Amino acid sequence: MQQSAGGEFKKLKKVDRQSESSEDEEFDGVVQADFAFFDPKPDDFHGVKTLLQSYLDDKQWDLSGFVDLILEQTTVGTVVKLEDDEDNGVFSIITALNLGRYKDHKCFTELKEFLLNICPEKDKTGNLRSLLGDKAQDVGLLVSQRVVNLPPQLLPHLYDALFDEISWATEDEPTEELRNSFRFKFYIVVSKIYKLKNANPRSSNTDKDETFIYVKPEEEILHKLSTWSFLFPLQTQQVATHELKNYQLTGIVMAVKAEDISSFRQQLRTLINES
């Protein structure tokens, strides 16, 4: 599948401000779609809001305000669209938002309240409260949502673009306060996975690898790298396919150290190349 210069598209734009994708790459096989990476902009509002509709399960919260913050942060974050697509459809959004920088915004107050309410384990609540509170300035909320059928070959390019931009932002942002706001020490990920019904995590009968099915392949890596994580029940359930009849769609929150991101990037490339 043609990737419109893959992850290079956005990196080119960052380095020499050209927005043309390279024309001279040869691709084999059937060209089904020409994906390109773009900086977020206000036109993407409806597409991004649709992708994030169930980000906090069925909670009524300031999702519009959340999307506005994502789109205002143009130096870090990527939307994937079809090149030359007049419909402006958004196929993926990826970004990282500093929890301390946005702590006074209504959407972040509600997000924090939601996360503290769903945390079922007392020992994890303390960790979570710390990352959402006194350490919030060092924490990035890693947001990555996409359509189900986005080609997995794009994933390493998408995450590389994000983490490269975060690194550049610590040097290129106009004020010291902004530069510091991208010096993340932790990332928090809020997502969904399928969990085997009635699985006892302490039982040796159940193969650990069969306990979970990951909706997004990269989240298996993030889960293994996480310093802590917890599951929470979802109010909204999707109709399960036959293959997933023994599994329940479940919410997951993970905390990953920024120092483990280089390992994540490496493992993701390996995973996609082998699949």
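In the block above lies the structure referred to throughout.
Just so you know, these numbers come straight off a predicted model, no measurement behind them.

Caption draft 1: Structural detail: the environment of Q237. With respect to the helices, strands and loops of the structure, Q237 is situated in the loop between β7 (228-233) and β8 (247-257). For Q237, a relative accessible area of 39% puts it in the partly exposed group. Residues in contact with Q237, not counting those within four places in the same chain, are Q248 and L249.

Caption draft 2: The arrangement of the packing of aromatic side chains in detail. Applying the stated rule across the entire model yields 15 aromatic pairs. On the numbers, 5.9 Å between centres and 85 degrees between planes, the contact of F114 with F232 is edge-to-face. With F114 in helix α4 (residues 106-118) and F232 in strand β7, this pair connects stretches of sequence that are 118 residues apart. Residue classification places F114 among the buried residues on the basis of a relative accessible area of 11%. Taken together, the ring pairs connect Y159, F163, F182, F184, Y187 and F264 into an aromatic cluster.

Caption draft 3: Expanded view of helix α6 (residues 154-172). Counted at 1.5 Å a residue, the expected span for α6 with its 19 residues is 27 Å, and the 26 Å between its end C-alpha atoms agrees. The element α6 is extensively covered by neighbouring structure, given that 14 of its 19 residues are classed as buried.

Caption draft 4: Representation of the nonpolar core in the model. Among the nonpolar cores identified, the biggest contains 49 residues, and Y55, F66, F108, L141 and I188 are the most heavily contacted of them. When residues of this core are assigned to their parent elements, the largest contribution, seven residues, is made by α4. Counting 33 residues, the second largest nonpolar core, distinct from the first, contains L150, L158, L225 and L268.

Caption draft 5: Representation of the packing of helix α9 (residues 218-225) against helix α10 (residues 261-274) in the model. Close contact between α9 and α10 brings their axes to 10 Å; oriented N to C, the two are set at 145 degrees. Once α9 is placed against α10, the crossing between them reads as right-handed. Facing E218, I221, L222 and L225 of α9, the residues of α10 in contact are S263, F264, Q267, L268 and L271. Looking at side-chain class alone, the contact of α9 with α10 contains six nonpolar, two polar and one charged residues.

Caption draft 6: Quick look at the pattern of salt bridges. This model, assessed by the stated rule, comprises ten salt bridges. R146 is the salt-bridge partner of E218, the closest N and O atoms lying 2.8 Å from each other. One end of the pair, E218, is in helix α9; the other, R146, is in strand β4 (residues 139-146), with 72 residues separating them in the sequence. Classification of E218 by relative accessible area gives buried; the value is 0%. Residues K216 and E219 are paired through a salt bridge, measuring 3.6 Å at the closest nitrogen-oxygen approach. In this structure K216 comes out as buried when scored by relative accessible area, which is 9%. The network of salt bridges with common partners includes D160, D164, R265 and R269.

Caption draft 7: View of unusual backbone geometry. Within the chain, D57 stands out as a residue other than glycine whose phi angle is a positive 60 degrees. Relative to the helices and strands, D57 resides in the loop between α2 (45-51) and α3 (63-72). We classify D57 as buried; its relative accessible area is 8%.

Caption draft 8: Up close: the pairing of strand β2 (residues 78-82). With four of five residues buried, β2 lies mostly within the body of the structure. Sheet analysis places strand β1 (residues 35-38) next to β2, joined by four bridges and oriented antiparallel. In the sheet register, F35 faces β2, and the bridge partner there is L82. Across four bridges, β2 lies against strand β3 (residues 90-98) in antiparallel orientation.

Caption draft 9: The arrangement of the environment of D164 in detail. Topologically, D164 is positioned in helix α6. The exposure class assigned to D164 is buried, which follows from its relative accessible area of 19%.

Caption draft 10: Molecular detail of the packing of α6 against α10. Between α6 and α10, the shortest axis-to-axis distance is 9 Å and the interhelical angle comes to 165 degrees. The orientation of α6 with respect to α10, classified from their angle, is roughly antiparallel. For the pair α6 and α10, the crossing hand works out as left-handed. Where α6 abuts α10, its residues L155, P156, Y159, D160, F163 and D164 lie against I261, F264, R265, L268, R269 and I272.

Rules and cut-offs
All residue numbers refer to positions counted from 1 along the written sequence of the respective chain. Predicted model: local features are reported for residues with pLDDT of at least 70 only, side-chain atom pairs are reported and counted for 80 or more only, and whole-chain, interface and lining totals are derived from all residues. Think of the side-chain values as coming from all heavy atoms in the structure, minus any hydrogens and water. Each helix is a run of DSSP H or I of at least 4 residues and each strand a run of E of at least 2, with the numbering of both proceeding from the N terminus. The rule is simple: take the accessible area with a 1.4 Å probe, protein chains only, and divide by the maximum for that residue type; under 20% is buried, over 50% is exposed, in between is partly exposed. Residue contacts are counted whenever heavy atoms from the two residues lie within 4.5 Å of one another. Pairing of aromatic side chains here covers Phe, Tyr and the six-membered ring of Trp, requires ring centres within 6.5 Å, and sorts the geometry by plane angle: under 30 degrees stacked, over 60 edge-to-face, intermediate tilted. Expected span, for any helix, means 1.5 Å times one less than how many residues it has. Put simply, buried Ala, Val, Leu, Ile, Met, Phe, Trp, Tyr and Cys residues joined by side-chain atoms within 4.5 Å make one nonpolar core. Helix axes are fitted only over the stretch in contact, all axes being lines through C-alpha atoms; the angle between N-to-C directions runs from 0 to 180 degrees. For any helix crossing, the convention is left-handed if the near helix is rotated counterclockwise from the far helix by under a right angle, and right-handed if that rotation is clockwise. Note on residue classes: Ala, Val, Leu, Ile, Met, Phe, Trp, Tyr, Cys and Pro are nonpolar, Asp, Glu, Lys and Arg are charged, and everything else, Gly too, is polar. For salt bridges, the criterion is a side-chain nitrogen of Lys or Arg within 4 Å of an Asp or Glu carboxyl oxygen. Pairs of strands are assigned from DSSP output, requiring at least two bridges between the strands. Relative orientations are named as follows: roughly parallel for angles under 35 degrees, roughly antiparallel for angles over 145 degrees, roughly perpendicular for angles from 65 to 115 degrees, and oblique for any other angle.

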